[in-house]
Amino acid sequence: LEFPESCEGHTTMADQKPALTKTAWEEDQANDKFLFQEVASQDFLSFKFGNTTYQKQLEIGQDKSGEQCAVQCSLRTTSTGRQLVWLEHTWAFLGGSLGCAEGEKLCLGLEYATKNNIPCVVVCRSGGARMQEGTLSLMQMAKVSVAVAEFKRTGKPFITVFLDPTYGGVSASYASQGDVRISVSGARIGFAGPAIILNTVYEMNQEKYDNDCPPAFQSAEFLQEHGHLDIVLPDKNDIPETVEQILTCLDTSSKSSFTPPTPSTREPNRDCNYLATRHLKRYQPTDITLALCGTFVELSGDGMAGKDKCITGGLANIQGKPCVVIATRKGHTPGEMAASNYGMGDPVGYRTALRLMNLAEQYNIPVVSLVDTCGAYPSFQSECEGQSEALASNLLRMSRLKVPIVTILVGEGGSGGALAIAMGDSVAMLENGYYAVISPEGAASILGKYINEEQKKFKFPSDCAELAQAQNIYAWQLQQLGVVDTILLEEEGEDCDKWPVLKARVTAHILKCFEEFGALDVEERIKRRYQKFRNMGKFDLKEADPTRERQPVVPPSPGSFRFSSPMSAPRSTFPREDSLGNMSGLRRTYSLSSDSLEEWGNALKQAPQDLLKYIADNTINGTRSAHFGKQPPGMGRLGNIQLPITDELREHRKNAVGAKQILDKDGPEAVIKWIQDPARKEILLTDTTMRDAQQSLLATRVRTVDLLGAAEFTSHAMANAFSLEVWGGATFDVCYRFLRENPWQRLRAIREAIPNVCLQMLIRGSNAVGYTSYPDNVISEFVALAADAGIDVFRIFDCLNDVSQMEVCIEAVKKAKKLAEVCICFTGNFLDPEEKIYTLDYYVDMAKQIEKAGAHLIGLKDMAGLFRPQMAAPFMKALRAVTKLPIHFHTHNTSSASLASGVAMTDNGCDIIDFCISSMADLTSQPSINAFIHSVDYTERAAKIPPKPLEQLALYWENVRTYYAPFESGMKAGTARVFDHQIPGGQYSNLIPQCDSLGLTHRWSEVLDMYRDVNKLFGDIVKVTPSSKVVGDMATFLVSKNLTCEDVRTRPVETIEAFPDSVVKMFMGDLGVPHHGWPEDVQKIVLRGKEPMKTRPGKLKAPADFEQVKEDLEKEYDMAINSEDVMSSILYPDVFKDYVKFIQKHTNGIPTLPTSAFYYGMTVGETIKLHAWDKSQTAPKGDQPIDLNMTITLKRVHPIKKVDKRTLTFVVNGQSHDVEIDEESKSGGVTTRMADKSNPNHVPSPMLGEIRGIVKKVGEKVAKGDIIMQVVSMKMEVAVAAPRDGVIAEMFVKEKDKVLDGSLVAVLSAGDE
């Protein structure tokens, strides 16, 4: 318990006030008779701490206060001659703290008051229990409490006063046990003082404490607002008068001069209107309280934790009769009504009423309850605070309350909220009030049937009036039913400003009830009350039919307690989930590639529940949920951008003859001749917007629906383009991994929308579209499938510029009669005399090898934008000297210099150049095609693409881009730093989220420098996927481990955790070998004794057995599998498996969602439309087209109805569907145990990420270096290897668990254990 600050020099609010002369406080003290002055504090523990003894402290306290202990007791006579016991703490004596002597004196004072049957007042000013007296000081709280309990049996007032400060054990015992609790403005009051809270809860974090601390915390005003104090006075000198008022309320000596009015003989009004009870000028319970009570002391709050805006009350005296008044507050102005919660009580209010009832019973005085409420306050907080319990407790208490209860229904009597303060020995009702189980409006809302809002507006008021009469809610009706005993007639013209007749009638009624029910003994009063309410109700008694068979009770289904109007949407009868969680008869109706869109569409229309579950999960659990306001700002701010195809554009496309038309008609060789034709002067262009631009800017996250939104217009606007790059690269696995789309379907859909321009893809040679080498037959089959699906131009590259790694792919493309564009991946600076690896001669030799390999075109792939404008002339001159193959230039504008490079290459005879739409250009993307066209306009090489339609496309893509804001790289401008770190543009935007997933975003600059250093560590290699990914993996790994490249070379290898899996594979030779070889020392360190490959990886890999893979997949997934599925499974086994599991859970309709719903879920009231975009498969077998469009509206997000369960209501094409989902924890944290670095048996996670590929199990033996599992972050994988020989004793993770860097994943034991 808290002891106050040192008494010496410690000042309080009261000390700081100027001295007052002849105050009311001092006048009352002057005549005090002090009692029990012999009681003195004692150092019975011989307490000493430091250099100070308790005995010495007592002596100082006695000298400063002139007292023997910190509490004084006196017999006081008030100004009106009333006697009471006055107990008061003395701050000057050890801060008024509570010790044994103080406890004794308090008990003696209370016992004196008990014996003499007089009131008792305790004035508290204390820091709490006195620690120098040990646990016995704590026991004084209990000791005084038993004395307080005994005193309260007298029925005399126990009043406590809180002065500044009152803390600790005093506040937590007798000070808070007062019937009436008084304080002074600004006084500090509480159990645990601020210093204790700061030290214990906030661990001395002052800033957090200050931020969390409520306004005016622990002040008297704060405690009154929270129901702990009844009265807060401006000044200490107001206390005597307030005590006098309290005692006056309870005085029975005064005589009444009231003359009852002559009773009226007229009948009660039967032409009632419930709306009249709500008139602002109508008299209300608070008006009656103030008018009838000669003295009234309001007691504020429930005495525990709250103060209600509506239900109030206190001690009162009506015509010399003490009583407790309970009244509802409503207000006569809109502002007053709002401040009174519109006359609705919450649990605190009903507990305030309960406290007042208990006080009335303690003092043996009657209760007057004045009721005017439309009902208990219906809110979340009320329910959380136990509204039902509060109402129920009041009903129970009123049933057996020992004192008379006089209830008057003044205006509205709304349901249980009114009844909980309206039971009584007498229940009277003002003539024009009403008392109902539900308001007329509520009844009409449930029972009324309305065709539309217009009819409801017209008919609703009359329905309310009719239902009010039908329910018998008016006074004259309720008197006949026995609910109301007395009707108090109202006078026409009287209102809250003037109501003398009604005032007299109410007063007379209350006094009559006091007399009648006060004359009864307690048992008789309670018995009559029991019979009164026990006899309420009307019902029939019928003989039971013995032949009738009892029907079994069927529990209600979820959601059955719903009111539905005739306008409600019908519920669907979609198939329900079976015991395995599968939709019966649904998921096996289509293949992964949806070869029959008719089947897919019918399945989706029959059972949208799985699709809705995905939307619901995204809405509630999505990290960027729009429902919770987490979507990017400005999303879709440009509205629905239309791309109308004009007659001019149609004519432009019709007349265009380009590479696609020639390729389809005459083959690839004819295309090459067309490009090389000297008569054709214009520069040819490739637009990369749909592939490399979005990969570079938006981490490859652009969805097919958005690509197709521009596809048809692009086919017209860019009819003269050489090609459109739309597929390959990272888009393949991202479709499966993140977008939940089938990349093959994407390609076919784009081909359908753009039949007239060559479609181009990026293929990684022997790595296909993966990050490792594959068997040769896989590469050949992949090319064949891609060509069949619509690819015309295959841009082939090898990440280390090894032509032998591309030969299989080149041959496959030629076999498919498509264009093989073979790339030189550009890096370094051949203009620099110090450049020894990537010289101009190196690139000339590459061109020779490529032509010899059978390429149709040479691609110059400048991944990072390192090709400077001044390089164009020497480069083109050197290559033209050795080859006549068309040259296709690809670059990135990371440095902001690449538009100039494109113009320079055009001027020096380059044949084709890559650009992209301006709103998707620059930064790490390609330069702007819009800007380039104007840069070469009116020249011999001007492009034949009209610029104006491109501006419409730019607007479309600008709007689309807003939906992908979370995937932006964060770059605001180009950076010439790329010439230092050399990160490819396509990798740059993906590296940022990878760093974010590893918690390295704040170390981004270090990652850029480390990327440069790792490149040098690896021997300065060509950096393009997948080699660039390896460099990035190593860079982020080293930064996360706080290692340097020098550490890799110099530290003992066993002190460095397993390197990323991609690094190990690259040095094994899985990606090939650079032309200048690997640094031998680094290769040995990375491989840790393993022998690298000696030949091309593809040659060492056994050919894939496609038929066997298909058979295995069909067996595993129990679905139809085609050649594309087989290929995808070979390229990305785990990714493909996750994709299949996903569509089996959600259907394969996810790609039809608009992007807003896919990434951000839906908001309540939002309507979306689904569109099947795979148009190549929409032709039905019959004559009628299939309508696959679906409209989905999110109607409601229900509150959580049980632990972690939430229901969402959707309307799909007019049918209503409820979807229940698990709501995930919003903490977002990773809860794992951390490995003990000093424990050799602990196996830690090497990085932050997700557990994948556990290959060992508990009880299995492992040798040092054996792989136990993988940790994956984005596309980076790091193996978890056994640190020593042993046995897996415990496994602390499972598949897909989230782990931190250093999380404990497994524990080893010795092999013989």
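1. Examining the packing of aromatic side chains
Now for step 1: This model, assessed by the stated rule, comprises 39 aromatic pairs.
Now for step 2: Ring geometry for Phe 151 against Phe 158: centres 6.1 Å apart, planes inclined by 65°, an arrangement best described as edge-to-face. For the pair shown, Phe 151 and Phe 158 are each scored as buried.
Now for step 3: Aromatic side chains Phe 1067 and Trp 1078 sit 4.7 Å apart centroid to centroid with 45° between the ring planes, which places their arrangement in the tilted category. Placement of Phe 1067 in helix 42 (residues 1061–1068) and of Trp 1078 in the loop between helix 42 and helix 43 (1080–1087) is noted, with a sequence separation of 11 residues between them. Across this residue pair, the class does not change: Phe 1067 and Trp 1078 are buried.

2. With respect to the sheet that holds strand 26 (residues 1167–1170)
Now for step 1: Strand order in the open sheet made by the four strands is 26-27-28-29, with antiparallel pairing throughout. Taken across any chain shown, the strands that pair with only one partner, and hence form the sheet edges, are strand 26 and strand 29 (1215–1222). Taking each pair of neighbouring strands and ignoring which way they run, the sheet shows an average axis angle of 30°.
Now for step 2: Bridge analysis of strand 28 (residues 1205–1212) against strand 29 gives eight bridges, and the strand direction is antiparallel. Across the sheet, the residue bridging to Arg 1206 is Ile 1221, located in strand 29.
Now for step 3: This element, helix 22 (residues 609–621), spans strand 26, strand 27 (1190–1197), strand 28 and strand 29 of the sheet and lies at about 55° to strand 29.

3. Some remarks on the nonpolar core
Now for step 1: If you look at the biggest cluster of nonpolar residues, it comprises 216 residues, and the most contacted ones within it are Trp 957, Phe 1018 and Phe 1210.
Now for step 2: With eight residues, helix 30 (residues 776–789) is the largest single contributor of residues to this core.
Now for step 3: Membership of the second largest hydrophobic core comes to 55 residues, among which are Val 184, Met 357, Leu 359 and Tyr 363.

4. Remarks on the packing of helix 3 (residues 100–116) against helix 4 (residues 134–152)
Now for step 1: Running from N to C, helix 3 and helix 4 point in directions that differ by 5°, and their axes come no closer than 9 Å. With respect to helix 4, the element helix 3 is oriented roughly parallel. Of the residues in helix 4, those in contact with Cys 100, Gly 103, Glu 104, Leu 106, Cys 107, Leu 110, Ala 113 and Thr 114 of helix 3 are Leu 136, Gln 140, Lys 143, Val 144, Ala 147, Val 148, Glu 150 and Phe 151.
Now for step 2: Its residues assigned to classes, the contact of helix 3 with helix 4 comprises 10 nonpolar, three polar and three charged.

5. Quick look at the pairing of strand 19 (residues 723–728)
The side chains of a regular strand alternate, first on one face of the sheet and then on the other.
Now for step 1: Most of strand 19 is tucked away: six of the six residues are buried.
Now for step 2: Across two bridges, the pairing between strand 18 (residues 684–687) and strand 19 is parallel. When the bridges of strand 19 are listed, Thr 686 appears paired with Ser 723.
Now for step 3: Sheet analysis places strand 19 next to strand 20 (residues 758–763), joined by five bridges and oriented parallel. Following the sheet pairing, Glu 725 is matched in strand 20 by Gln 760.

6. With respect to the pattern of salt bridges
Now for step 1: Taken as a whole and judged by the stated rule, the model has 61 salt bridges.
Now for step 2: For Arg 188, the salt bridge goes to Asp 164, with nearest N and O atoms at 2.9 Å. Linking Arg 188 in the loop between strand 8 (180–184) and helix 6 (194–200) with Asp 164 in strand 7 (residues 158–166), this pair joins segments that are 24 residues apart in sequence.
Now for step 3: On the accessibility criterion, Arg 188 (32% relative accessible area) is partly exposed.
Now for step 4: Classification of Asp 164 by relative accessible area gives buried; the value is 2%.
Now for step 5: A salt bridge links Glu 412 to Lys 330; the shortest N-O distance between them is 2.7 Å. Taken together, the residues Glu 412 in strand 14 (residues 405–414) and Lys 330 in the loop between strand 12 (321–328) and helix 11 (334–339) connect sequence positions 82 residues apart.
Now for step 6: On the basis of relative accessibility, which here comes to 6%, the residue Lys 330 falls in the buried class.

7. A few points about helix 22
Now for step 1: Between its first and last C-alpha atoms helix 22 spans 17 Å; for 13 residues at 1.5 Å apiece the expected length is 18 Å, and the two agree.
Now for step 2: If you check which residues of helix 22 are buried, you get Gln 609, Asp 610, Leu 611, Leu 612, Tyr 614, Ile 615, Ala 616, Asn 618, Thr 619, Ile 620 and Asn 621.

8. Focus on a negative patch on the surface
Now for step 1: A grouping of Asp 1105, Glu 1107, Glu 1111, Asp 1112, Glu 1114 and Glu 1116 is seen on the molecular surface, where their side chains present a negatively charged patch.
Now for step 2: Relative to the helices and strands, Glu 1111 resides in helix 45 (residues 1106–1117).

9. What about a nonpolar patch on the surface?
Now for step 1: Side chains of Phe 44, Leu 45, Leu 136, Leu 138 and Met 139 sit close together on the surface and give an oily, nonpolar patch of about 430 Å² of accessible area.
Now for step 2: On the secondary structure map, Leu 45 appears in the loop between strand 1 (33–35) and strand 2 (48–49).

Basis of the calculations
- Residues numbered from 1 in each chain as written.
- Predicted model: local features only at pLDDT ≥ 70, side-chain atom pairs only at ≥ 80, totals over all residues.
- Heavy atoms only, no water.
- Phe/Tyr/Trp six-rings, centres within 6.5 Å; stacked < 30°, edge-to-face > 60°.
- Buried < 20%, exposed > 50% of the residue type's maximum accessible area, 1.4 Å probe, protein only.
- Helix = DSSP H or I, 4+ residues; strand = E, 2+ residues; numbered from the N terminus.
- Pairing = 2+ DSSP bridges.
- Axes fitted to C-alpha atoms, helices over the stretch in contact; angles between N-to-C directions.
- Contact = heavy atoms within 4.5 Å.
- Core = buried A, V, L, I, M, F, W, Y, C linked by side-chain atoms within 4.5 Å.
- Parallel < 35°, antiparallel > 145°, perpendicular 65-115°, else oblique.
- Nonpolar A, V, L, I, M, F, W, Y, C, P; charged D, E, K, R; others polar.
- Salt bridge = Lys/Arg side-chain N within 4 Å of Asp/Glu carboxyl O.
- Expected span 1.5 Å × (residues − 1).
- Patch = residues over 30% accessible without salt bridge, like charges linked within 9 Å, V, L, I, M, F, W, Y side chains within 5 Å.
- Areas by Shrake-Rupley, 256 points an atom, 1.4 Å probe, with all protein chains shown as cover.
- Lys, Arg positive; Asp, Glu negative; His and termini not counted.
- Charge placed at Lys NZ, Arg CZ, Asp CG, Glu CD.

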